[in-house]
Amino acid sequence: MDPRTAHRSTARFRTKILASALTTVALLAAACGGGEEGSGPTSAAGYNLTADQNRITTDEVESIAGKVPQQIRDRGTLIVTGSAGSAPPLRFYADDDKTLIGSETDFAYLIGDVLGLKVDLQAADWAQNFVRIDSGEADAFISNVTVTEERKEKCDFSTYRLDTVAFETKKDSGIQIKEPKDVAGLKIAVSSGTNQEALLVKWSEQNVEAGLEPGDSDQGREFGAAQADAIFTIHGSLEDGQKFYTDVKGRLAKYGRSHDDLEVLPAATFVLGDSAADAAERADHIRHQQVGPQTVIAFLEQVWGRDLSAYNPDGPLPDVEPADDTNITRGRVRHARDPREIAAAWRAKAEAEKRSIRELIIAVTTRQQFVGTAAQVAEEIDRYVQADACDGFILVPHLTPAGLDEFVETVVPELQNRGSFRSEYSGTILRSHLGLRHPHHQTEGVRAS
């Protein structure tokens, strides 16, 4: 497809627009400069990976631009959101580690040309992109989005997309997935908030009703002990982590595996400061920046299943009960399994802790986090590891792509001084970095945070 004709799918507009990118389009190659292959600062097989993309442009089409909502035309910019850049050639970071490039960004700029608008390109996690479209914080979501009937009730899609969903397994695994019972007990990786996740959640509920408990179940833990090199667990607190750790590690011996053959790694975020009070203040500021007023109401609507736009985010929780019909949020993200039960628990928490809607949503959506000085964070992380609550953490910074820099520069040296983190790599592959046994020999090392 000639990328200059991409505007043909933009003839209709609503206040909230959802654009779905083509599965494969080599716009990166077409957007390269006229130099010889490999002549740029960073290039691979002729592809331009620099921040200076020299993109293809096109002229404004007044008949289409005239259909843009007035508030967007007055603003003069098209706010385009998408997933954080880690999926070349669709959307990824250039060699400066901060500029988003890829075919999805090229589509965004071409659409902006057709509409006579400047493009404000932004990044968010998958589930948050849907919330941002619903709340009006973004005008378009350009990504590899599955088209569903429910989503079409709320958003416009491009019309030329071929969309298929499949499971990918190792060739000799023997796994065949045709119906819900086939996924019971399996560990399946899927992006949060996606249509694929919604499908697996539905199948999981069906399996639970049938007595086949998936996920963090006995079958799932048994599968992890038998097959996994690492488990990205949901058990982030010390006590829950210790219970899970002891259980799953205790299953290894029956499969001829040792304690060090499986890594238990929960996710966690961190906020550093010059003092504990400074870090706490920064953490509170970051969460308020991440969870804005419109986002708060959108999250609340996921449970209540009602239009709550009239409620003040800084006021009390709604006194009405969640609706029985949750069409308002269908197709956006997964639903609470028992909305009324969750609403009751949230009301009790808000009343006991005197929290507004916004403060409550911040509290219930905050993952395990370490807040303090570099020394305090290092001490707390090491405490979890040495207390057998985990083998380490998957760190989730609040900023990308440079969000880990401060941690590496300040916390890692503290961990190294404790003898709990390597000072140099003992091998050249991820398995050796994690301290996992090589298929042919055992790698010795300190217990790492």
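None of the values given here were measured: they were computed from a predicted structure.

Engineer: When you look at the pattern of salt bridges in this model, what are you seeing that I'm missing?
Structural biologist: Oppositely charged side chains may form a pair once their charged atoms are brought near each other. Tallied over the full model, the rule gives 19 salt bridges. Its salt-bridge partner being Glu-222, residue Arg-251 comes within 2.5 Å of it at the nearest N-O pair. Within this pair, whereas Arg-251 is found in the loop between helix H9 (238-249) and strand S11 (263-264), its partner Glu-222 is found in helix H8 (residues 218-227), the two being separated by 29 residues in sequence. Accessibility expressed as a relative area gives 19% for Glu-222, which makes it buried. Residue Glu-353 is joined to Lys-349 by a salt bridge in which the shortest nitrogen-to-oxygen separation is 3.0 Å.

Engineer: Where do I start with the packing of aromatic side chains in this structure?
Structural biologist: The geometry of an aromatic ring pair is captured by the separation of the ring centres together with the interplanar angle, meaning the angle of the planes. This model, assessed by the stated rule, comprises seven aromatic pairs. Directly above the ring of Phe-421 sits Arg-422, whose terminal nitrogen or CZ lies 5.2 Å from the centroid.

Engineer: When you look at the nonpolar core in this model, what are you seeing that I'm missing?
Structural biologist: Nonpolar side chains in soluble globular proteins tend to be buried together. In terms of nonpolar packing, the biggest core is built from 17 residues, with Phe-370, Val-377, Ile-381, Tyr-384, Phe-393, Phe-407 and Val-411 touching the most fellow members. Among the secondary structure elements, those contributing two or more residues to this core are strand S12 (267-272), helix H14 (374-386) and helix H15 (405-417). Here this core takes six residues from H14, the largest share from any one element. Those residues within four positions of Val-411 in sequence are excluded, and the remaining contacts are Leu-272, Ala-374, Val-377, Ala-378 and Glu-406. If you look at the next biggest cluster of nonpolar residues, it comprises 15 residues, including Leu-300, Trp-304, Ala-343 and Trp-346.

Engineer: When you look at the packing of helix H11 (residues 293-304) against helix H12 (residues 339-353) in this model, what are you seeing that I'm missing?
Structural biologist: Two elements in contact, H11 and H12, have axes separated by 8 Å at closest approach and are oriented at 130°. Looking at the two axes, H11 sits oblique to H12. Residues Leu-300, Val-303 and Trp-304 of H11 form the contact with H12, whose own contacting residues are Pro-339, Ile-342, Ala-343, Trp-346 and Arg-347. Split into classes, the residues belonging to the contact of H11 with H12 amount to seven nonpolar, no polar and one charged.

Engineer: What's the story with the confidence of the model for the protein chain in this structure? I'm lost.
Structural biologist: A low pLDDT means the predicted coordinates there should not be read in detail. In the predicted model, the protein chain carries a mean pLDDT of 79, and the fraction of residues at 70 or more is 80%. The element-level mean pLDDT for the protein chain is lowest in helix H1 (residues 27-30), coming to 30, with H14 highest at 96. In the model, residues 1-43 has pLDDT below 50 throughout and makes 101 contacts with residues more than four positions away in sequence or in other chains.

Engineer: What should I look at first to understand unusual backbone geometry in this one?
Structural biologist: Peptide bonds are, in most cases, trans, and in most cases residues other than glycine have a negative phi. Phi is positive for Asn-54, which is not a glycine, with a value near 50°. Within the fold, Asn-54 resides in the loop between strand S3 (47-48) and helix H2 (62-65). Even without a glycine there, the phi angle at Asp-388 is positive, about 60°. Its location among the elements puts Asp-388 in the loop between H14 and strand S14 (394-395).

Engineer: Explanation requested: the sheet that holds S14 in the structure shown.
Structural biologist: Pairing between the strands of a sheet is mediated by backbone hydrogen bonds and can be parallel or antiparallel. The sheet built from three strands is open, its strands ordered S13-S12-S14 with parallel pairing. Here the strands that pair on one side only, and so sit at the sheet edges, are strand S13 (369-372) and S14. With four bridges joining them, S12 and S13 adopt parallel strand pairing. Paired with Thr-269 across the two strands is Gln-369, which belongs to S13. Set on the sheet, helix H10 (residues 276-290) makes contact with S12 and S13; between it and S12 the angle comes to about 120°. Contacts from H14 reach S12 and S13 within the one sheet, and its direction differs from that of S13 by about 145°.

Cut-offs used in this document
- Residues numbered from 1 in each chain as written.
- Predicted model: local features only at pLDDT ≥ 70, side-chain atom pairs only at ≥ 80, totals over all residues.
- Heavy atoms only, no water.
- Salt bridge = Lys/Arg side-chain N within 4 Å of Asp/Glu carboxyl O.
- Helix = DSSP H or I, 4+ residues; strand = E, 2+ residues; numbered from the N terminus.
- Buried < 20%, exposed > 50% of the residue type's maximum accessible area, 1.4 Å probe, protein only.
- Phe/Tyr/Trp six-rings, centres within 6.5 Å; stacked < 30°, edge-to-face > 60°.
- Lys NZ or Arg CZ within 6 Å of the ring centre and 35° of its normal.
- Core = buried A, V, L, I, M, F, W, Y, C linked by side-chain atoms within 4.5 Å.
- Contact = heavy atoms within 4.5 Å.
- Axes fitted to C-alpha atoms, helices over the stretch in contact; angles between N-to-C directions.
- Parallel < 35°, antiparallel > 145°, perpendicular 65-115°, else oblique.
- Nonpolar A, V, L, I, M, F, W, Y, C, P; charged D, E, K, R; others polar.
- pLDDT = per-residue confidence, 0-100.
- Pairing = 2+ DSSP bridges.

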